Amino acid sequence: MTDRMSLSLAQADPDVAAAIDHETLRQHEGLEMIASENFVSEAVLEAAGSVFTNKYAEGYPGRRYYGGCEYADVVENLARDRAKQIFGGDHVNVQPHSGSQANASAYAAVLQVGDTILGLDLSHGGHLTHGHRLSFSGKLYRPTFYQVRRDTELIDYDELETIAERERPKAIIGGGSAYPRLWDFARMRQIADKVGAVYIFDMAHIAGLVAGGVHPSPVPHAHITTTTTHKTLRGPRSGLILCGQQLAAAVDKAVFPGQQGGPLVHIVAAKAVAFAEALRPEFRTYAAQTVANAKVLASALQEAGFRIISGGTDNHLMLVDVFEKGILGSEAELALGKAGITVNKNSIPYDTNPPLKPSGIRVGTPALTTRGMKEPEMRQIAVWISNALDVRNDDAALERIRGEVAELANQFPLYVWRRAPLAGGV
Ligand SMILES: *Cc1c(COP(=O)(O)O)cnc(C)c1O
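In what follows, the accompanying structure is described. (Residues numbered from 1 in each chain as written. Predicted model: local features only at pLDDT ≥ 70, side-chain atom pairs only at ≥ 80, totals over all residues. Heavy atoms only, no water.)

1. Side note on the packing of helix 14 (residues 329–338) against helix 17 (residues 395–410)
Basically, it comes down to this: Axis angles are defined between N-to-C directions and span 0 to 180 degrees, where every axis is a line fitted to C-alpha atoms and, for a helix, only to the segment in contact. Secondary structure follows DSSP: runs of H or I at least 4 residues long count as helices, runs of E at least 2 residues long count as strands, and numbering of each begins at the N terminus. The scheme is simple: roughly parallel for angles under 35 degrees, roughly antiparallel for over 145, roughly perpendicular for 65 to 115, oblique for anything else. What makes two residues a contact is simply this: any of their non-hydrogen atoms within 4.5 Å.
Put simply, helix 14 and helix 17 touch, their axes get as near as 7 Å, and they point 55° apart. Regarding the angle of helix 14 to helix 17, the classification is oblique. Together, Ala 335, Gly 337 and Lys 338 of helix 14 and Asp 395, Leu 398 and Arg 402 of helix 17 make up the contact between the two elements.

In structure tokens:
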């Protein structure tokens, strides 16, 4: 055994070790309200940090291009079986490295370069990979978009249908990153069938709520369902594709060798662990609490005088129109950051301000719910958000809120032994 193989990270690379320690402390001390983030369990971290990172396993279980894949097969089969148990669906591919890779593969499975796609406009809650001109999806395919209605801020399915009939897309894409309401999966499928399009639903944000039984599932309606595994689903940073048996071979080929080489077997193992967690009863409690927390937070913010896009939320996130109070989303993000509350600036539908200085912020409850926070904490946080925005130019006042935030965070410990090096012991 060489020295290189036996040194701890702190010994081998103190700079990276210190950055990890500081990040652990940062995650513990603040209030993580970015809607797409969460905290994985120690078990998921352990699998993600395992020796499977050393293994090449191109191909699929039982049909690999490399030897020595017997244990890689075990974890990939576990991940596949558990994902099917959670979501249903005839076929699952657990190899996409990320949500974007999952979408790239799903499109490649059913589209030719140049085909028309129809997705939700990014500034109305969609995602870059649903046809934005800077994304592969807007370069390889011909993007068209549907939007939300100006009055209700809900998806305009009538407009969607009109556009679909006019543009004749090969794929209609549902799902998004900043849409706080339920989707009408059946209506979308009906429109897709009418124009002969494939219906792809990207449930990246809501997958954990679907798994926890507190949100309707797109899987029975969509030809292909894609997702990330690290948002509400609370697994490692990665992706997943579900589809019917007719598309199974095309999807598998599109992932490997179409888009990717060897799977990240350590991450596939971590996905298997996270999916087992999602099958336990406690996960349903977490999912229900995530939605309950979002509803309480949204109404508390409304009581504090904020306009919530579409008047509330059905899921784990909400969009707050801070510009109605004369504050830019970018200013709000900065001030809340100084107060220890992490959110992101976000465009709101029909925004009159530019994307880097938009009118809104996006706020989500999954990460705080994982830490065990409930309705009383949400009401307290709404007060802090409101106060922090009032004193947004007063650093000392924001620092005082940060102290109170840290006190609350300390009551909901996170990664206790991992932050021991900086916290001066447990
Ligand atoms: C987050 C997200 C993605 C992309 O996931 P990455 O893992 O960051 O590539 C794709 N689609 C939607 C709807 C998302 O919210």
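That shown, we press on.
2. A short note on the packing of aromatic side chains
Selection criterion: The criterion for an aromatic pair is that two Phe, Tyr or Trp rings (for Trp, the six-membered ring) have centres within 6.5 Å, with stacked assigned to planes under 30 degrees apart, edge-to-face to planes over 60 apart and tilted to the rest. Relative accessible area decides the class of each residue, using a 1.4 Å probe on protein chains only: under 20% of the type maximum gives buried, over 50% gives exposed, and in between gives partly exposed.
All chains considered together, the criterion is met by 10 aromatic pairs. Measuring from ring centre to ring centre gives 6.1 Å for Tyr 107 and Phe 136, while their planes differ by 40°; the resulting arrangement is tilted. Pair noted here: Tyr 107 is in helix 6 (residues 99–110) and Phe 136 is in helix 7 (residues 136–140), with a separation of 29 residues, a long-range link. The buried category is assigned to Tyr 107, whose relative accessible area is 0%. Look at Phe 185 and Phe 201: their rings are 4.9 Å apart centre to centre, the planes differ by 90°, and that puts the pair in the edge-to-face class. Taken together, the residues span a long stretch of sequence, with Phe 185 in helix 9 (residues 185–195) and Phe 201 in strand 8 (residues 198–202) at a distance of 16 residues. For the pair formed by Phe 185 and Phe 201, the shared burial category is buried. An aromatic cluster of at least three residues, connected via ring pairs, comprises Tyr 179, Trp 183, Phe 185, Tyr 199 and Phe 201.

3. Some remarks on the sheet that holds strand 9 (residues 224–228)
The cut-off we apply is this: Note on pairing: DSSP must find at least two bridges between two strands before they are called paired.
Taking strand neighbours across the sheet as the criterion, the seven strands line up as 4-10-9-8-7-5-6 in an open arrangement whose pairing is mixed. Of all strands in the sheet, those with a lone pairing partner are strand 4 (91–93) and strand 6 (142–146), marking the two edges. If you compare each strand with its neighbour and ignore which way they point, the axes differ by 20° on average. Where strand 9 meets strand 10 (residues 239–243), five bridges bridge the pair, whose relative direction is antiparallel. Residue pairing for strand 10: Thr 226 is matched across the bridge by Ile 241. Packed onto the sheet, helix 6 meets strand 7 (171–174), strand 8, strand 9 and strand 10 and runs at close to 165° relative to strand 9. This element, helix 8 (residues 157–167), spans strand 5 (116–120), strand 6 and strand 7 of the sheet and lies at about 155° to strand 6.

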